Protein chains: 2
Amino acid sequence: MGLQSVSRGRTHQPCAACRMLRRRCDSSCILAPYFPCDEMDKFAKVHNVFGASNVIKMIQIVEERNREDAVKALVYEATARIRDPVYGSTGAICQLQKMVQELKMQL
Amino acid sequence: MGLQSVSRGRTHQPCAACRMLRRRCDSSCILAPYFPCDEMDKFAKVHNVFGASNVIKMIQIVEERNREDAVKALVYEATARIRDPVYGSTGAICQLQKMVQELKMQL
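Procedures and definitions
- Residues numbered from 1 in each chain as written.
- Chains lettered and ligands numbered in written order.
- Predicted model: local features only at pLDDT ≥ 70, side-chain atom pairs only at ≥ 80, totals over all residues.
- Heavy atoms only, no water.
- UniProt positions renumbered as here; feature names shortened; annotations may be inferred.
- Least-squares fit on C-alpha atoms with pLDDT ≥ 70 in both.
- Contact = heavy atoms within 4.5 Å.
- Axes fitted to C-alpha atoms, helices over the stretch in contact; angles between N-to-C directions.
- Helix = DSSP H or I, 4+ residues; strand = E, 2+ residues; numbered from the N terminus.
- Parallel < 35°, antiparallel > 145°, perpendicular 65-115°, else oblique.
- Left-handed = near helix turned anticlockwise from the far one by under 90°.
- Nonpolar A, V, L, I, M, F, W, Y, C, P; charged D, E, K, R; others polar.
- Phe/Tyr/Trp six-rings, centres within 6.5 Å; stacked < 30°, edge-to-face > 60°.
- Buried < 20%, exposed > 50% of the residue type's maximum accessible area, 1.4 Å probe, protein only.

In the nomenclature of an unreviewed UniProt entry, chain A is known as LOB domain-containing protein 3 of Hibiscus syriacus. Heading Sequence similarities (unreviewed entry) of the UniProt record for chain A holds this comment: "Belongs to the LOB domain-containing protein family."

Here it is as structure tokens:
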């Protein structure tokens, strides 16, 4: 461990995204706030479905205050697609639409 | 036009995906059945959100009989994400879940 690391108190941990992409992670990393180093699986999912460059692009186009919500939604959609490679989150939408129709008929 | 094209009756049209990716489109093209040449917008959407290589990967991992449904779902999800860059199709799921709760309370 170098003197610089010692002076900072601990060795800098790259975020989950940079760790997976094997790239340098510094304070300007756009992914670090949403993919902390102990949440590798969260990044692995969006990386698998959307690809890292698309995730970065999708985060960049939304305002900073909305980025956490955008990442949560992307992780949700990626998880749904991995679980159901045919219908993904569209499958959940279809099921819910059907449920709404059935409930409306019961009223 | 070469003799081969004349014998086939018409010049081969590359599919929307190959046209956008500027690559050769032949009878073995995995994307051609789902992205005909007159539906450029459909491919543009999934290309924008998932990236071409991820779309190909996601089509390949499902059985052939499910591929049309998988593509429809991917187009639906990409359209939702372009329309709502923060919540995408997750936004529709949240709204529907809320609607189901409200309808259940009315019963």
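Next, the rest of the story.
Asker: Residue-level account of the relation of the copies chain B and chain A, with values.
Answerer: With an RMSD of 0.0 Å, the operation that places chain B on chain A is a rotation of 180 degrees combined with a shift of 0.0 Å along the axis. Between the two chains, the operation in question is that of a two-fold axis. When each C-alpha of chain B is compared by its distance to the rotation axis, Phe50 of chain B comes out closest, at 2.3 Å. A shared binding surface is used by both copies, with 100% of the interface residues of chain B retained as interface residues in chain A.

Asker: Tell me what's going on with the packing of helix α3 (residues 40–49) of chain B against helix α5 (residues 67–83) of chain B, and back it up with residues and numbers.
Answerer: The packing of two helices is summarised by the inter-axis angle and the distance between the axes. All names here are of chain B. Running from N to C, α3 and α5 point in directions that differ by 70 degrees, and their axes come no closer than 8 Å. In terms of orientation, α3 and α5 fall into the roughly perpendicular class. Here α3 and α5 pass one another in a crossing that is left-handed. In this structure, α3 uses Lys42, Lys45, Val46, Asn48 and Val49 to contact α5, whose residues at the interface are Val71, Leu74, Val75, Ala78, Thr79, Arg81 and Ile82. Tallied by class, residues from the contact of α3 with α5 come to seven nonpolar, two polar and three charged.

Asker: I'd like to hear about the packing of aromatic side chains, residue by residue, with values.
Answerer: Within the structure shown, the criterion is met by three aromatic pairs over all chains. Ring centres of Phe35 of chain A and Phe43 of chain A lie 5.1 Å apart, and the angle between their planes is 80 degrees; this geometry places the pair in the edge-to-face category. Of the residues examined, Phe35 of chain A reaches a relative accessible area of 1% and is grouped as buried. Ring plane angle 5 degrees and centroid distance 5.3 Å describe the contact between Phe50 of chain A and Phe50 of chain B, whose orientation is recorded as stacked. Linking Phe50 of chain A in the loop between α3 (40–49) and α4 (52–60) with Phe50 of chain B in the loop between α3 and α4 (52–60), this pair reaches from one chain into another. Residue Phe50 of chain A is classed as buried on the basis of its relative accessible area, which comes to 2%.

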